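Examination of the molecular architecture
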Amino acid sequence: MPIYKIQVGAGAVSLECNHPVAAGVEASVFSALLNPTAVPAKIHYRILMQNDRLTLFRKNRLTHRNRQFARIIYALEWQIVNDLIEQNKTALKLHSAALTYRNNGFIFCGAPSTGKTSLAILLIQNGWQLLSDEFALLNADRQIIPFPRNLIIKPHLHDKVTIPAGLPVFRLYGDSGEKIETHYLSPLLFGSVKADASAPLKGIVFLEKKEQTGFDLQPIARYAGFRLLIQHLFNRNQIGQQWIDFLVDWLNSCPLYCLKISSPLELSPAEQQALVEQLIRIHQHA
Amino acid sequence: MEKIEPDFRPTVRPDLPFRELSDGGVVYDYRTDTLHSLNTTAAYIWALCDGHHTIADIVASIRENFNQFETDPDNEVYQIVEKFRTLNLLSNV
């Protein structure tokens with residue numbers, strides 16, 4: 001059976017599955033992160049087909065059993081994410097997308113449905129490389145650790161993004177707790193990802209929903225940015241009181257902007273171009 | 001709460017870590033998990049709330065070092081120190 005390794009910063013897990021399942025795994029949320037290996041990692045997962053059911057094992061212990069592949073992948077995903085975060089003990093996890101342009105890393109922090117994924121798609125299409133969607137891992141050296149899982153395409157993006165036929169549907173919980181149908185789309189469909197090395201943090205952009213079309217990109221004060229940044233921080237207690245110094249260091253060393261935007265993929269081509277150019281100019285000032 | 005007098009020497013709580021930013025600062029109260037963001041002026045005043053400077057000293061220092069006030073800086077200093085006091089950031093009230 002093929003074995004894949006998923007390496008994120010200091011963390012690694014491996015995954016073993018038979019051939020029909022392997023095809024599905026390769027199209028799953030981790031497709032851009034899978035590398036064939038011969039040696040299992042300390043945390044090793046196996047997916048087996050047993051009596052018409054898929055079974056998921058973590059370190060030889062059964063964790064899930066289900067007939068639906070999507071359910072098994074969903075269970076696998078959150079376990080792997082937790083493992084990788086646990087293994088990157090000194091990294092802070094932020095609710096944000098992260099991209100790099102010419103090795104200048106940017107994080108785009110925002111509440112759900114403020115346009116993180118749409119903006120990531122737009123920027124990838126314009127030559128930026130995806131480091132991660134949904135959340136970013138940053139360490140004390142101001143390095144963004146790449147974690148380019150697949151993009152989670154929620155219903156509001158279904159008519160704006162071409163979804164390949166036959167892609168599995170994953171039912172997740174939406175912002176209001178309702179069940180929504182999502183697809184995991186490889187960022188490689190839009191451009192390139194950066195999975196091999198971390199990127200230095202050079203800019204922080206906070207996304208805010210704008211009711212009218214168009215966008216507005218403005219610098220913001222650092223003391224105000226601190227309050228915003230803390231709202232998007234998941235695991236500050238994991239590293240003790242040092243987190244406050246991490247944030248201060250990030251804020252004192254990067255430009256800070258607020259991007260008010262309705263939907264990046266609904267901008268006119270001229271507006272999209274203007275937005276990309278303005279974001280590149282931030283990077284030039286970094 | 002008593003009115004703040006010019007000879008009052010505000011002292012910030014020693015258990016509150018202050019971190020300087022290039023345009024202000026932040027104070028984090030671990031006990032209550034509360035964050036306070038300070039703009040440039042408030043951060044400057046925070047640094048002077050050391051128990052040695054009176055309100056009058058702080059006003060004089062602000063007048064000397066800041067020329068950004070359209071209004072009287074006295075009022076600004078009193079308001080900010082009052083805010084520190086209301087938020088329980090001072091050890092002497």
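Describing the environment of A:R222
Of note, A:R222 is situated in helix α4 (residues 222-231). Not counting chain neighbours up to four residues away, the residues in contact with A:R222 comprise A:L251, A:N252, A:C254, A:L256, B:L21, B:S22 and B:D23. At 2.2 Å, the side chain of A:R222 forms a polar contact with the backbone oxygen of A:L251. At 2.8 Å, the side chain of A:R222 forms a polar contact with the side chain of B:S22.

Here we look at the sheet that holds strand β3 (residues 35-36) of chain A
Residue and element names in this part refer to chain A. One open sheet accounts for 6 strands, arranged β3-β1-β2-β4-β5-β6; its pairing is mixed. One side of each edge strand has no neighbouring strand; the edge strands of this open sheet are β3 and β6 (61-66). Across 4 bridges, the pairing between strand β2 (residues 11-17) and strand β4 (residues 44-50) is parallel. Opposite S14, over in β4, you have H44 as the bridge partner.

Topic: the interface of chain B and chain A
With 15 residues of chain B at the interface, the matching set in chain A holds 14 residues. With both sides pooled, the region where chain B packs onto chain A buries about 1,300 Å², and carbon together with sulfur makes up 58% of that total. Looking only at chain B, the three residues that lose the most surface to chain A are B:L21, B:Y30 and B:L35, adding up to 37% of its buried area. There are 1 salt bridge connecting chain B and chain A.

Details of the side chain of A:D133
Residues and elements named next belong to chain A. Tracing the sequence through the fold places D133 in the loop between β10 (129-132) and β11 (136-138). Among the polar contacts listed, one links the side chain of D133 to the backbone nitrogen of I152, at a separation of 3.5 Å. Leave out the neighbours within four places in its chain, and D133 touches S96, A97, K116, T117, N150, L151 and I152.

Definitions and limits used
- Residues numbered from 1 in each chain as written.
- Chains lettered and ligands numbered in written order.
- Predicted model: local features only at pLDDT ≥ 70, side-chain atom pairs only at ≥ 80, totals over all residues.
- Heavy atoms only, no water.
- Helix = DSSP H or I, 4+ residues; strand = E, 2+ residues; numbered from the N terminus.
- Contact = heavy atoms within 4.5 Å.
- Polar contact = N/O pair within 3.5 Å; in protein donor to acceptor, adjacent residues only side chain to side chain.
- Pairing = 2+ DSSP bridges.
- Buried area = accessible area lost by both parts, 1.4 Å probe.
- Salt bridge = Lys/Arg side-chain N within 4 Å of Asp/Glu carboxyl O.

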